[in-house]
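Breakdown of the fold
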Amino acid sequence: MPTVILHRDGQAYRGEIAENTNLVVKAGIRQFPYPNLRYGCGMGKCAKCACRVLTGGEHLPEPNWKEKQRLGPRLEQGYRLLCQLWLSHDIEIEQDKVPLEPLKPEPAQGETR
Amino acid sequence: MPELMNHVDFRTALENAIKGKSANKAPFSIAWASGKLSREHLARWAENHYHYVGPFADYLAYVYARMSDRFTEAKDFLLANMYEEEIGGDRHTDLLIRFAEACGTTRERVTDPDNMSATTRGLQSWCYSVAMREDPIVAVAGLVVGLESQVPSIYRRQTPTLRDKYKFTDEEVEFFDLHIVSDEIHGERGYQIVLEHANTVDLQQRCLKICEIGAQMRLLYTTALYWDYVAKDLPIEQLEMTERKVA
């Protein structure tokens, strides 16, 4: 089972997860990493779940369109949106004390609002 | 005579009550997953689906108001669920409308209740009826466990097809992506609430029954979509052959 280490506010929280686990879903159902992971909309918009990947990033898929839209240059600093990631390998992540401000997206093609 | 089940056995019984009635087996879902629907069919789906899921926060609001104030966790869950449907990020129905527009229909057509079928109206009415009349824990079992918890498995199967076979863009199918995460949370929290609070034989049996009926209602709705909008273009025999090939 993959091991997750979450660093936040000077503390490290470690837990094991099943393969193909989304940490925001897990926190949402009140299991590890609840209550230590900050998250919000669960839809790649608010960026409250953003974390910097310290180790294990090589196993993650390429950032999807929402991560590119919301994180922009922060991706190069190792930030990812946890709500968009389904984990199957060990990973060590750090969540900043202050949530990231998400970038404003360009209006999607065909968007009416 | 049924006996009071422990959480493990009760959870298995709830899952079994839904299994077999899963909407994944409806001909519309099979046609969708095999890439055989047209954008016009998908537009009709969106025009109907809006009237089933659009009032979801309204359904939950009735349950919230009637839920005992001693069940704080359950009330908070319902409130969070309503918030996430409406204002937690993008309004979920706006994302559904974005998909509908990509299928060639309009916001006006989607929001017009005259464009839903009689079966969709029946499903919507059943949801309101459960929310207003059933014991609140039984209502959570019906609406959240019986209906909402099915969504991730349905959309997990359908979303890649929308991109790969129907050639929709990522933005156009965002409605489906977000439900894989949010409904996973909602469905599981629904299970937790039902397992904790259905603590008599009678309540457990009523939860099982309503899960079964909820899954039946969704299957009925999805099956009707096929007969109302698709069957004339894609005969059932052709679809059964496709299913056999996939299986």
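Residues numbered from 1 in each chain as written. Chains lettered and ligands numbered in written order. Predicted model: local features only at pLDDT ≥ 70, side-chain atom pairs only at ≥ 80, totals over all residues.

For the rest of this paragraph, the subject is the overall build of chain B. Within chain B, the secondary structure is distributed over 13 helices and zero strands. Along its sequence from the N terminus, chain B presents helices and strands in the succession α-α-α-α-α-α-α-α-α-α-α-α-α. Rg of the C-alpha trace for chain B: 18 Å, near the compact-globule value of 18 Å for 247 residues, within the 12% margin. Along the first, second and third principal axes, the C-alpha atoms of chain B reach 50 × 40 × 30 Å. Looking at chain B as a whole, 49% of its 247 residues qualify as buried. (Helix = DSSP H or I, 4+ residues; strand = E, 2+ residues; numbered from the N terminus. Rg over C-alpha atoms; globule rule 2.2 N^0.38 Å. Buried ≥ 20, exposed ≤ 12 C-beta atoms within 10 Å, placed from the backbone.)

Moving on, we get to the interface of chain A and chain B. Taken together, the contact pairs 18 residues of chain A with 18 residues of chain B. Of the residues in the side of chain A that touches chain B, the class split is nine nonpolar, six polar and three charged. (Contact = placed C-beta atoms within 7 Å. Nonpolar A, V, L, I, M, F, W, Y, C, P; charged D, E, K, R; others polar.)

Now for the sheet that holds strand S3 (residues 50–55) of chain A. The strands that make up a sheet are held in pairs by hydrogen bonds between backbone atoms, and each pair lies either parallel or antiparallel. All names here are of chain A. Pairing within the open sheet is mixed, and its five strands lie in the order S2-S1-S5-S3-S4. Each edge of the sheet is formed by a strand with only one pairing partner; in this case those strands are strand S2 (11–16) and strand S4 (79–81). For this sheet, the mean inter-axis angle between neighbouring strands, taken without regard to orientation, is 35°. Sheet topology note: the strand S1 (residues 3–8)/strand S5 (residues 91–95) ladder contains five bridges and is parallel. For His-7, the partnering residue across the bridge sits in S5 and is Glu-94. (Pairing = 2+ DSSP bridges. Axes fitted to C-alpha atoms, helices over the stretch in contact; angles between N-to-C directions.)

Right, let's talk about the pairing of S3(A) for a bit. Residues and elements named next belong to chain A. Where S3 lies against S4, three bridges are found, and the strand directions are antiparallel. Bridging from a neighbouring strand, Ala-50 pairs with Leu-81 of S4. The pairing of S3 with S5 spans three bridges and is classified as antiparallel. Each residue of the ladder has a partner; that of Thr-55, found in S5, is Glu-92.

Moving on to the nonpolar core. As a rule of thumb, soluble globular proteins bury nonpolar side chains together. All names here are of chain B. Formed by 101 residues in total, the largest nonpolar core has its most connected members in Ala-46, Val-140, Val-194, Cys-207 and Cys-211. With 11 residues, helix H12 (residues 201–230) is the largest single contributor of residues to this core. Discounting residues that sit within four places of it in the chain, Ala-46 has contacts with Leu-96, Phe-99, Ala-100, Cys-103, Thr-105 and Val-110. (Core = buried A, V, L, I, M, F, W, Y, C linked by C-beta atoms within 7 Å.)

Right, let's get into the environment of A:Arg74. Residues and elements named next belong to chain A. Checked against the element boundaries, Arg-74 lands in the loop between helix H2 (65–71) and S4. As a C-alpha pair, Arg-74 and Asn-64 span 10 residues in sequence and 14 Å in three-dimensional space. With near-sequence residues (within four places) excluded, Arg-74 lies in contact with Tyr-79 and Leu-100.

What follows is about the confidence of the model for chain B. Residue-level pLDDT values for chain B average 92, and 96% of them are 70 or greater. Interface confidence in the predicted complex, given as ipTM, is 0.80; pTM for the same model is 0.88. (pLDDT = per-residue confidence, 0-100.)

Attention now goes to unusual backbone geometry. Residues and elements named next belong to chain A. Cis geometry marks the peptide bond from Phe-32 to Pro-33; its omega dihedral reads 15°. Cis geometry is adopted by the peptide bond preceding Pro-35, which originates at Tyr-34 and carries an omega value of 0°. The residue Pro-35 is located in the loop between helix H1 (23–28) and S3 in this model. Residues other than glycine seldom take positive phi values, yet Ala-47 does so here, at roughly 65°.

Per-chain confidence: chain A averages 92 in pLDDT, with 92% of residues scoring 70 or above. Counting interchain partners and residues more than four positions distant, the pLDDT-below-50 stretch residues 108–113 of chain A has eight contacts.

Turning to the environment of A:Glu92, a few remarks are in order. All names here are of chain A. Looking at the element boundaries, Glu-92 is found in strand S5. Glu-92 gets classed as partly exposed once you count the C-beta atoms within 10 Å, which come to 18. Note: C-alpha distance between Glu-92 and Cys-41 (51 residues apart in sequence) is 23 Å. With near-sequence residues (within four places) excluded, Glu-92 lies in contact with Ile-5, Leu-54, Thr-55 and Gly-56.

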